[in-house]
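# Residue-level structure breakdown
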Amino acid sequence: MSGETVITIIGNLVDEPEIRWTPSSVAVCKFRVASTPRTFDRQTNEWKDGESLFLPCSVWRQQAEHAAESLQKGMRVIVQGRLKQRSYEDREGVKRTVFELDVEEVAPSLLRATAVVTKAAGKGAPEVRQAAREQGAVSAEDPWASGTPGTGRPAGGGWGSGGEDNPPF
């Protein structure tokens, strides 16, 4: 949509992600990200932290369920979305303005961590994926449908049809 402010923020989750459902059964997961700029001070020869930005985030629908299952407090994440501004009056009658991020994408940062990615089918439960394979809904050729756990490699050992050991990049 034109005129929206799309931003990417990298920081740490300061709360456990909290999932709720709207009255119409739409999932929404809320969490806060703290992003702290760091600069190198050449005079003292050390890194200094700046003031932290705490940004509330909301992610919706199936991705909300995935975020609630995958993310946890303290985890470093990369979040992209539309920055929203909302104004209101508090209980004392003081007008307040808050900024929130309506999340399009969220992922763990791999700067200081590793992650194992599991493709979700339907609700994302392993039983659902297995049932889909048995019914032929998921192709055996799909490298995400099965594989060597923890390696990111497709089943059969090779990356390509020739059984090469090197990844295709």
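You'll find the structure just up there.
The rules behind these values
Residues numbered from 1 in each chain as written. Predicted model: local features only at pLDDT ≥ 70, side-chain atom pairs only at ≥ 80, totals over all residues. Heavy atoms only, no water. Helix = DSSP H or I, 4+ residues; strand = E, 2+ residues; numbered from the N terminus. Contact = heavy atoms within 4.5 Å. Areas by Shrake-Rupley, 256 points an atom, 1.4 Å probe, with all protein chains shown as cover. Core = buried A, V, L, I, M, F, W, Y, C linked by side-chain atoms within 4.5 Å. Buried < 20%, exposed > 50% of the residue type's maximum accessible area, 1.4 Å probe, protein only. Polar contact = N/O pair within 3.5 Å; in protein donor to acceptor, adjacent residues only side chain to side chain. Phe/Tyr/Trp six-rings, centres within 6.5 Å; stacked < 30°, edge-to-face > 60°. Arc of directions from axis to C-beta. Pairing = 2+ DSSP bridges.

## What to know about the overall build of the protein chain
- Check the secondary structure of the protein chain and you find 2 helices and 10 strands.
- Contacts in the protein chain between residues at least 24 apart in sequence constitute 52% of all its contacts with a sequence separation of at least 6.
- Accessible surface for the protein chain amounts to roughly 12400 Å². Of this, 50% is attributable to carbon and sulfur atoms.

## Points about the nonpolar core
- If you look at the biggest cluster of nonpolar residues, it comprises 17 residues, and the most contacted ones within it are Phe31, Val33, Cys57, Val59, Val79, Val103 and Val106.
- Of all the secondary-structure elements, those providing two or more residues to this core are β1 (5-13), β3 (27-35), β6 (53-60), α1 (61-70), β7 (76-89) and β8 (95-108).
- With 4 residues, β3 is the largest single contributor of residues to this core.
- Beyond its immediate sequence surroundings of up to four residues, Val33 is in contact with Ile9, Gly11, Asn12, Leu13, Leu53, Phe54, Leu55, Cys57, Val77 and Val79.

## Some details on the side chain of Ser58
- Within the fold, Ser58 resides in strand β6.
- For Ser58, a relative accessible area of 13% corresponds to the buried category.
- Among the polar contacts listed, one links the side chain of Ser58 to the side chain of Lys30, at a separation of 3.2 Å.
- Leaving out residues up to four positions away in the same chain, Ser58 has contacts with Val28, Cys29, Lys30, Leu101, Asp102 and Val103.

## Observations concerning the packing of aromatic side chains
- Counted by the stated rule, this structure contains 1 aromatic pair.
- Ring centres of Phe40 and Trp47 lie 5.3 Å apart, and the angle between their planes is 65°; this geometry places the pair in the edge-to-face category.

## Remarks on α1
- All of the buried residues in α1 are Ala64, Glu65 and Ala67. Taken around the axis of α1, the buried residues stretch over an arc of 160°, which confines them to a single face.
- Along its buried surface, α1 packs onto β2 (18-21), β3, β6 and β8.

## Re the pairing of β7
- Where β1 meets β7, 8 bridges bridge the pair, whose relative direction is antiparallel. Residue pairing for β7: Ile7 is matched across the bridge by Gly81.

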